[in-house]
Structures are given as structure tokens and as C-alpha cells.
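# Reading the structure
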Amino acid sequence: MKVKAAAKINLLLDVMGTLPDGYHSLSMVMQSVDCCDTITVQKTDTGKIVLKSEDKRMPLDEHNIAYKAAALFFKETEIKNPGIEIEIEKTIPMAAGLAGGSADGAGVLYALNDMFSAGLSLWDLARMGEKIGADVPFSLIGGTALAMDKGGVLAPLPMLQDCCFVLCKPDQDISTVGAYKLIDECPCLRHADNTAMIYAMRNGEFDLMCKKAQNVFEQVIEVPQRPHIKAVMREFGASLALMSGSGPTIYGLFKHIEDAKKCAEELKKNYKEVFVAAPLSSGIEVIEK
């Protein structure tokens, strides 16, 4: 089975505190975008989980979220693993704040549920996926949504209409674990206006949404190229320019595709990983069964 798994961007990301189990309590407004990885899952007779990818940067063992997703699926469903091979074709930049690893894990859960006729709903899979990553539940559901707690409390929001995005990842990788450590050490974190942001999203108030969009990681994560990238995006008409996740990817929100394409061409003069993307209404798309 072959599926496409979408990247996400954060229109809002706030860290509200620490939960009793030690994890961080999050408030996020997320949007799926059509920068996608392609995941192919096939049955074998080896009794093992085997990962393959031409991207040499990717771990192909139990450290990969896709591997964790497969192992968790067989454990939770008590279905015996006859052997599976997972091939991942990367398009989503790695260590970029775009949930590329989580998208891969979501794609594997979706595919295995179908291939083994497990009968789990997307919400069942999302609850399962929360155990391996905060962005996995949203990556399964996709669209536009408010995500709370550890990422598993999801509420759909009206999808963004008539807009597109430019994604630009500087040549820098950010450790998510390290990013949260910096959040914990920050003495005076300025929280987002979550109430106003949700109001703007629910009521389709575009200008208010752009005004209230915020990512608290911008207060603690140093991305030297961020001011330049944002300036270029604003120059070409971006209504909003913000870092996604724990970074370092910066995205610009554009009302007109022509402006987005011109911005992307300008950014490509200095940055290798630049994409023009549209909002999606789902996180997973089946290509082939």
C-alpha cells in the first residue's frame, strides 16, 4: 500500500506548562500542507520490520518514528507481524519543525490498519499515535485543527481558504528535545493569545488570525537567517511569516500564488529547501492499495 503523508505548519504554538507525567502541555493551531512524504508498506515473510530509504540521513531502525509506529501497531492490536517492509521517499525536510517524522509514522499506522483489516478509526489510530509523538495524531487527522495537551486532544477548525504558503528551511537542524529544554529554562516566556486566535479561526477573521499567530519557540530558538527570510517574505506580500514547530523552517502565508512563487524563487538564491505549498483538508492520501 502506498500513501502520501502531509507536513504541517503551526499557525500557533504555545507551551502552557508541564503535565503530571512530565510531558509538556501544548496549545497548537495546525494546518496540513501539500509538502508530502510517500510511504510504501508491503507484507513480507521475514517476521521483521524493515525500513528502506534513499535518504541516508534517516535512521532505519527502532529510532525512526515509522518503525516505532509499526511496532506499536502490532503490539496494540495483538496482530502477529508476518513481516513488513516500509519504504520512505522523503520530501518533507528533516529536523525542520514540519512533523516529517510524525507524518511518516502516521502514514504507517494508516496503511497497516487498512492492510491488516484492523478496523480502527482515525481517532483510534490517533490515540495510538500519541504514544510515539505529539504531532502524530494531527498528522493522521490533518486539515486545520486545534491540538491540546500532548497533541492528542484535537478539535477541527474551519479550513483556510484561498491562500498558499512558502516554506523555507535554513541549513540548520533543531533538536526537539533541546528546544523544550530551552523552553523550560526560559524565565519569562510570553504566551500566545490563544483565545483570540481560536476566535479568529472559528469566525474566519483572516487579519486577526495573522495578528495573533505566534510561536513561543521563536523566543528561545536562535535561527540566524530568520530575520532575512521573514523580510523577503514580507517584501513579496506575505500576510504572515512565522517559524513552524521548534524550527528552523519559516513559512509565509500568501493570498496570491503568483506572489508566493516569486518569493520562493528569490529565497532559492540563498536556501536549498524552499517549497510552495497549498493547505490540505486531510493528513493522509491513499495513492495505491
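My aim in this report is to walk through the structure given alongside it, one point at a time. Quick caveat: nothing in here was measured; it's all calculated off a predicted structure. (Residues numbered from 1 in each chain as written. Predicted model: local features only at pLDDT ≥ 70, side-chain atom pairs only at ≥ 80, totals over all residues. Heavy atoms only, no water.)

### Thoughts on the sheet that holds strand β10 (residues 250-254)
- Read from one edge to the other, the open sheet built from four strands follows the order β9-β10-β7-β11, with strand pairing classed as antiparallel. With partners counted over all chains shown, the strands left at the sheet margins are β9 (240-243) and β11 (273-277), one partner each. Shown here is a sheet whose adjacent strand axes are inclined to one another by a mean of 15 degrees, direction ignored.
- Across five bridges, strand β7 (residues 164-169) lies against β10 in antiparallel orientation. Bridge pairing links Cys168 to Ile250 in β10. (Pairing = 2+ DSSP bridges. Helix = DSSP H or I, 4+ residues; strand = E, 2+ residues; numbered from the N terminus. Axes fitted to C-alpha atoms, helices over the stretch in contact; angles between N-to-C directions.)

### Here's the deal with the nonpolar core
- Formed by 62 residues in total, the largest nonpolar core has its most connected members in Leu11, Ile84, Ile86, Leu112, Phe165 and Met209.
- Dropping the residues within four chain positions of it, Leu112 is found in contact with Val41, Ala70, Phe73, Phe74 and Ile84.
- In terms of nonpolar packing, the next biggest core, distinct from the first, is built from 37 residues, Ile141, Ile174, Leu189 and Val223 among them. (Core = buried A, V, L, I, M, F, W, Y, C linked by side-chain atoms within 4.5 Å. Buried < 20%, exposed > 50% of the residue type's maximum accessible area, 1.4 Å probe, protein only. Contact = heavy atoms within 4.5 Å.)

### Topic: the layout of surface pockets
- Considered as a void within the structure, the largest pocket measures approximately 1300 Å³ in volume.
- The wall of the largest pocket is formed by 42 residues, among which Ile65, Ser102, Gly133, Ala134 and Thr176 lie closest to the centre.
- Secondary structure elements with two or more residues in the lining of the largest pocket: β1 (2-18), β2 (24-43), α1 (65-77), α2 (100-115) and α5 (176-185).
- Top contributing element to the lining of the largest pocket by residue count: α2, with four residues.
- Considered class by class, the residues forming the lining of the largest pocket number 19 nonpolar, 12 polar and 11 charged.
- Every residue lining the second largest pocket is counted, 13 residues in all, and those nearest its centre are Met159, Leu160, Gln161, Gly204 and Phe206. (1 Å grid on protein atoms, 1.4 Å probe; cavity = no way out; pocket = protein on both sides within 12 Å on 5 of 7 lines; lining within 4 Å. Points joined across faces, edges and corners; volume = space filled by probe spheres on them. Nonpolar A, V, L, I, M, F, W, Y, C, P; charged D, E, K, R; others polar.)

### Describing the packing of aromatic side chains
- Within this structure, the stated rule accounts for five aromatic pairs.
- Both rings, one in Phe165 and one in Tyr251, keep their centres 6.1 Å apart while their planes meet at 75 degrees; by these two values the pair is edge-to-face. One end of the pair, Phe165, is in strand β7; the other, Tyr251, is in strand β10, and 86 residues separate them in sequence. Each member of the pair, Phe165 together with Tyr251, is buried. (Phe/Tyr/Trp six-rings, centres within 6.5 Å; stacked < 30°, edge-to-face > 60°.)

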